[in-house]
Amino acid sequence: MTTTPLTTPEKGNARTEAALKRLRTAMAAIEADIAAHQGIYPFNHGRVTQSELCRRADVKKATLQNPLHKDSTRVEIMAWLDVLNAKLMQTRDSTRERVTAVADDLAAEVERLTLANQALQRQLDAAELLVAQLQQENAQLKR
């Protein structure tokens, strides 16, 4: 998933450019959060909306309604949200189910790793015992 480049208005000023930069940064951060949390957005009950994006970007949602952004920036944000939300579970219950499934998978992975660790520890103990025996035998042969 890639961040859609927001259209720069024809006559950009510093505040507009700063807002667009914050929106782009927030979009990338939201995508990173989703990737880091196995496809689940960890805030706002798993929902990504215009309001959530604006909150993350520290841009007033009303900014997207002004004539400068209404037909450019807002349209691109809506398209980005459509693509993003198609991949996310949107209800609290479905998000909870998905989080539970991820947690169950992680619990199973922890159990598997614990068993593998125990097996490796037994192998290490056996190897250390063999090393000690061989060192003792070597010491006797040197006498």
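Quick note: structure is the one above.
Given the structure is predicted, the values throughout are model-derived calculations rather than measurements.

If you tally the helices and strands in the protein, you get five helices and zero strands. When the 143 residues of the protein are sorted by exposure, 25% land in the buried category. Looking at the protein alone, contacts between residues at least 24 apart form 61% of all its contacts between residues at least 6 apart. Carbon together with sulfur atoms contributes 56% to the accessible area of the protein, which is approximately 9900 Å² in total.

Okay, helix H1 (residues 14–36) next. Residues spaced three or four apart along an α-helix face the same direction, because each turn holds 3.6 residues. The end-to-end C-alpha distance of H1 is 32 Å, a good match for the 33 Å that 23 residues give at a rise of 1.5 Å each. Contacts from the buried residues of H1 go to helix H2 (50–57), helix H3 (67–70) and helix H4 (73–86). With a side-chain oxygen positioned 3.0 Å from the backbone nitrogen of Arg 15, the residue opening H1 is Asn 13. One or two residues past the end of H1 sits Gln 38, with phi positive at roughly 50°.

Along the polypeptide, His 69 turns up in helix H3. Excluding its chain neighbours within four sequence positions, the residues that come into contact with His 69 are Thr 16, Leu 20, Thr 63, Leu 64 and Arg 74.

Two numbers describe how H1 lies on H2: the axes approach to 8 Å, and their chain directions differ by 110°. Looking at the two axes, H1 sits roughly perpendicular to H2. Counted together, Arg 22, Leu 23, Ala 26, Met 27, Ala 29, Ile 30 and Asp 33 of H1 and Leu 53, Arg 56 and Ala 57 of H2 form the full contact between these two elements. Its residues assigned to classes, the contact of H1 with H2 shows seven nonpolar, no polar and three charged.

Here the focus is unusual backbone geometry. Although it is not a glycine, Asp 58 adopts a positive phi angle of roughly 55°. Following the sequence through the fold, Asp 58 ends up in the loop between H2 and H3.

Looking now at the environment of Arg 47. With respect to the element layout, Arg 47 can be found in the loop between H1 and H2. The spacing of Arg 47 and Leu 88 is 41 residues in sequence and 7.8 Å in space, taken between C-alpha atoms.

Another point: the nonpolar core. In terms of nonpolar packing, the biggest core is built from 18 residues, with Leu 23, Ile 30, Ile 34, Val 48, Leu 53, Trp 80 and Leu 84 touching the most fellow members. With six residues, the single largest contributor to this core is H1.

Calculation notes
Residues numbered from 1 in each chain as written. Predicted model: local features only at pLDDT ≥ 70, side-chain atom pairs only at ≥ 80, totals over all residues. Heavy atoms only, no water. Helix = DSSP H or I, 4+ residues; strand = E, 2+ residues; numbered from the N terminus. Buried < 20%, exposed > 50% of the residue type's maximum accessible area, 1.4 Å probe, protein only. Contact = heavy atoms within 4.5 Å. Areas by Shrake-Rupley, 256 points an atom, 1.4 Å probe, with all protein chains shown as cover. Expected span 1.5 Å × (residues − 1). Polar contact = N/O pair within 3.5 Å; in protein donor to acceptor, adjacent residues only side chain to side chain. Axes fitted to C-alpha atoms, helices over the stretch in contact; angles between N-to-C directions. Parallel < 35°, antiparallel > 145°, perpendicular 65-115°, else oblique. Nonpolar A, V, L, I, M, F, W, Y, C, P; charged D, E, K, R; others polar. Core = buried A, V, L, I, M, F, W, Y, C linked by side-chain atoms within 4.5 Å.

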